[in-house]
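Chains, contacts and geometry: an overview
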Amino acid sequence: MDLELTLESHRERLYRWLTALTSDPHGAEDLTQETLVEAWKNRHKLVDIAGVEYWLNAIAYHTFQRWRRTQSNETTRITDLHDEIAEIALEHDELVDLLDQAMELLPPQTRAMLVTHYLEGLPQAKIAQHFQMNENAVGVGLHRGKLRLRE
């Protein structure tokens, strides 16, 4: 019997077994294909065609083990990334709280100018009109406000 046909005749059985091991039909299809490719590449190692089923099972199991280690590493990377994102969010929240506290320490007009310019995006000319000031005074107020926030 032709080895290629023999290997192909085991495809469905390998797929079912690997699906049971992985609980992932798409992953099992990939692993089945990898198993058959590896078997074909190593066909010179098959000494008795009668033992082809056991030989394929061993190849499939080793292929599954490699896949499982990769999945475990991927899960670890995802967990690490999740922890890092949570830490960044916490740092962000802490910074927001600190900024809110610092803003409360500023004079009300300086605070209003900073919010109007940096959060609402109004140009200095519009802020000057609103506060009935000249543009240079608004520029100085914004600069001094930022310096106070840094302190």
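Reading the values: rules and limits
Residues numbered from 1 in each chain as written. Predicted model: local features only at pLDDT ≥ 70, side-chain atom pairs only at ≥ 80, totals over all residues. Heavy atoms only, no water. Core = buried A, V, L, I, M, F, W, Y, C linked by side-chain atoms within 4.5 Å. Buried < 20%, exposed > 50% of the residue type's maximum accessible area, 1.4 Å probe, protein only. Helix = DSSP H or I, 4+ residues; strand = E, 2+ residues; numbered from the N terminus. Contact = heavy atoms within 4.5 Å. pLDDT = per-residue confidence, 0-100.

The next subject is the nonpolar core. Core analysis: the biggest nonpolar cluster contains 16 residues, and Leu7, Leu18, Ala39, Val52, Trp55 and Leu56 have the highest contact counts within it. The set of elements that each furnish at least two residues to this core consists of helix 1 (3-9), helix 2 (11-22), helix 3 (25-41) and helix 4 (52-105). Sorting elements by how many residues they give to this core places helix 4 first, with seven residues. Not counting the four nearest positions on each side in its chain, Leu56 is found in contact with Leu7, His10, Arg13, Leu14, Thr35, Leu36 and Ala39. Grouped together as the second largest cluster of nonpolar side chains are eight residues, Leu106, Leu114, Ala128 and Leu142 included.

Okay, the confidence of the model for the protein next. Considering every residue of the protein, the mean pLDDT works out to 85; 95% of them sit at 70 or more. Mean pLDDT in the protein bottoms out at helix 4, which sits at 80, and peaks at helix 3, which reaches 92.

Before going further, it helps to examine the environment of Glu91. Inspection of the secondary structure assignment puts Glu91 in helix 4. Here the alpha-carbon distance between Glu91 and Gln132, two residues 41 residues apart in the chain, equals 38 Å.

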